[in-house]
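Examining the three-dimensional arrangement
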Amino acid sequence: MVIGHSGCPQAIFRFVYLFHMPLFFFCSGIFYKEMSSKVSIGTYLKKRIIGLYVPFVKWSVSFLILHNLFMEVGVYNANYGFEGGSAFYTLSEIIQRLCKILFSMNGYEELLGGFWFIRSLFVSCLLIVIVSLIVRHSFKYKYWIICLFFLFFTILIRRISPDIEFWREISMGCLGTLFYILGYLLMPYSKFWLNRCSVLLLCFSLIFFFYYFKNGISMGCGYNKVIPFSLSAISGSLLTIYMSKQIEDINSQIKCVLYYIGNHTLVILALHFLSFRFVSYIITIVYGVDIIHVAEHPVIKNVGALHSYWWVIYSVSGITIPLLLNRLWQVCINLIRKKYE
């Protein structure tokens, strides 16, 4: 995700977008446990509210409060940004955005652009709850039938109402639900695809779809690309899990680093765009670029013309700076607690 946002070379960008966001849904589904009672459904929903909705609100409100400060220091400006620039919020605008954050999980800051995933994952979880309430009794191939339903419902929505925001959000949730349930369904059969022959097929599949989607692809693709995108996403997700298994078995040091990063993905999701701004500021100093370009989103767009390695620096910073800030925050919190114990 961070590499995909870093202004990396187009070939890397296109490859990453073949599967990187479905992978998050897929991995979430690996830990899903079937719900057969209203109690288990209630417990599941409560966990999702605490694990998804609450962090979404916490980060979104925090960045909303900081918006005018970001304008003051140049993180935002009127010339550059996700939609061409920003402005100082009035009290009325702050209240309006706060209501959107609380009641529709929308209206969050551009620095939290990746939070569409949390919203879509939460919608996916709500859809799973609804389906679980409707189909509480197990029957053969129940979840495979549910997968097909969400696949074709996604296609139908994008065919009929591609430009209506509400239905776009629902279609993203439906597609996310498909990958979520596939994570639950495919992991018990890992012995069939955690082998070299299957990995070769997965690699050929990704290569094929890399050239099939000549202009790149994403989860917001058109209705006619949903099925091929789903196939590429499944291939990439399974291949990533296989590679992760190899790393886990071979190199304990890399494993520890990846475990640590994996346990702090929310912090990275929330802070990597802000961390990019620090790198953009350094670029303006090094190359004498006007400082207003710091507000370009997500990175300075002609960074590739400056030097090819800046996307690497953006990527590393987008991971390390959030982790360092999180660690510093934890140290401060612990010191405060000790002081008042």
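Coordinates for the structure precede this section.
This write-up is about the structure you can find in this document.

Before going further, it helps to examine the nonpolar core. Burial of nonpolar side chains together is a common tendency in soluble globular proteins. With 88 residues, the main nonpolar core has Phe115 and Phe179 as its most contacted residues. Take this core: its biggest share by element is eleven residues, from helix α8 (residues 165-186). Leave out the neighbours within four places in its chain, and phenylalanine 115 touches Pro55, Phe56, Trp59, Ser60, Tyr108, Leu266, Leu269 and Ala270.

Tallied over the full model, the rule gives 29 aromatic pairs. Ring centres of phenylalanine 210 and tyrosine 211 lie 5.2 Å apart, and the angle between their planes is 85°; on these two criteria the pair is classed as edge-to-face. Ring geometry for tyrosine 212 and phenylalanine 213: centres 5.0 Å apart, planes at 80°, overall edge-to-face. Note on tyrosine 212: relative accessible area 45%, which makes it partly exposed. On the basis of relative accessible area, phenylalanine 213 is assigned to the buried category, the value being 4%. A connected cluster of aromatic rings, assembled from ring pairs, spans Tyr32, Tyr44, Tyr143, Tyr180 and Tyr184.

Before going further, it helps to examine unusual backbone geometry. The step from histidine 297 to proline 298 runs through a cis peptide bond, and the omega angle for that step is 0°. Of note, proline 298 is situated in the loop between α13 (265-287) and α14 (303-306). In this model, methionine 105 sits at a positive phi of 50°, which is unusual for a non-glycine residue. Positionally, methionine 105 belongs in the loop between α5 (91-104) and α6 (116-134). Its relative accessible area of 5% is what places methionine 105 among the buried residues.

Relative to each other, helix α7 (residues 142-160) and helix α11 (residues 226-250) sit at 135°, their axes nearing to 10 Å. Taken together, the axes of α7 and α11 lie oblique to each other. Considering the relative orientation of α7 and α11, their crossing is right-handed. Facing Leu151, Thr154, Ile155 and Arg158 of α7, the residues of α11 in contact are Val226, Ile227 and Ser230. For the contact of α7 with α11, a count of residues per class yields four nonpolar, two polar and one charged.

What follows covers a nonpolar patch on the surface. A cluster of nonpolar residues, Tyr281, Ile282, Ile285, Val286 and Ile291, forms a patch on the protein surface that exposes about 490 Å² of accessible area. Mapped onto the secondary structure, tyrosine 281 falls in helix α13.

Quick look at the pattern of salt bridges now. Pairing of side chains with opposite charge becomes possible as their charged atoms draw close. Per the stated rule, a full pass over the model turns up three salt bridges. With its nearest N and O atoms 2.9 Å apart, the salt bridge here joins glutamate 110 to arginine 277. One end of the pair, glutamate 110, is in the loop between α5 and α6; the other, arginine 277, is in helix α13, with 167 residues separating them in the sequence. Judged by its relative accessible area of 16%, glutamate 110 falls in the buried class. Residue classification places arginine 277 among the buried positions, given a relative accessible area of 3%. With its nearest N and O atoms 2.8 Å apart, the salt bridge here joins glutamate 169 to arginine 119. Highlighted residues: glutamate 169 in helix α8 and arginine 119 in helix α6, separated in sequence by 50 residues. Under the relative-accessibility criterion, arginine 119 is labelled buried at 8%.

Criteria and cut-off values
Residues numbered from 1 in each chain as written. Predicted model: local features only at pLDDT ≥ 70, side-chain atom pairs only at ≥ 80, totals over all residues. Heavy atoms only, no water. Core = buried A, V, L, I, M, F, W, Y, C linked by side-chain atoms within 4.5 Å. Buried < 20%, exposed > 50% of the residue type's maximum accessible area, 1.4 Å probe, protein only. Helix = DSSP H or I, 4+ residues; strand = E, 2+ residues; numbered from the N terminus. Contact = heavy atoms within 4.5 Å. Phe/Tyr/Trp six-rings, centres within 6.5 Å; stacked < 30°, edge-to-face > 60°. Axes fitted to C-alpha atoms, helices over the stretch in contact; angles between N-to-C directions. Parallel < 35°, antiparallel > 145°, perpendicular 65-115°, else oblique. Left-handed = near helix turned anticlockwise from the far one by under 90°. Nonpolar A, V, L, I, M, F, W, Y, C, P; charged D, E, K, R; others polar. Patch = residues over 30% accessible without salt bridge, like charges linked within 9 Å, V, L, I, M, F, W, Y side chains within 5 Å. Areas by Shrake-Rupley, 256 points an atom, 1.4 Å probe, with all protein chains shown as cover. Salt bridge = Lys/Arg side-chain N within 4 Å of Asp/Glu carboxyl O.

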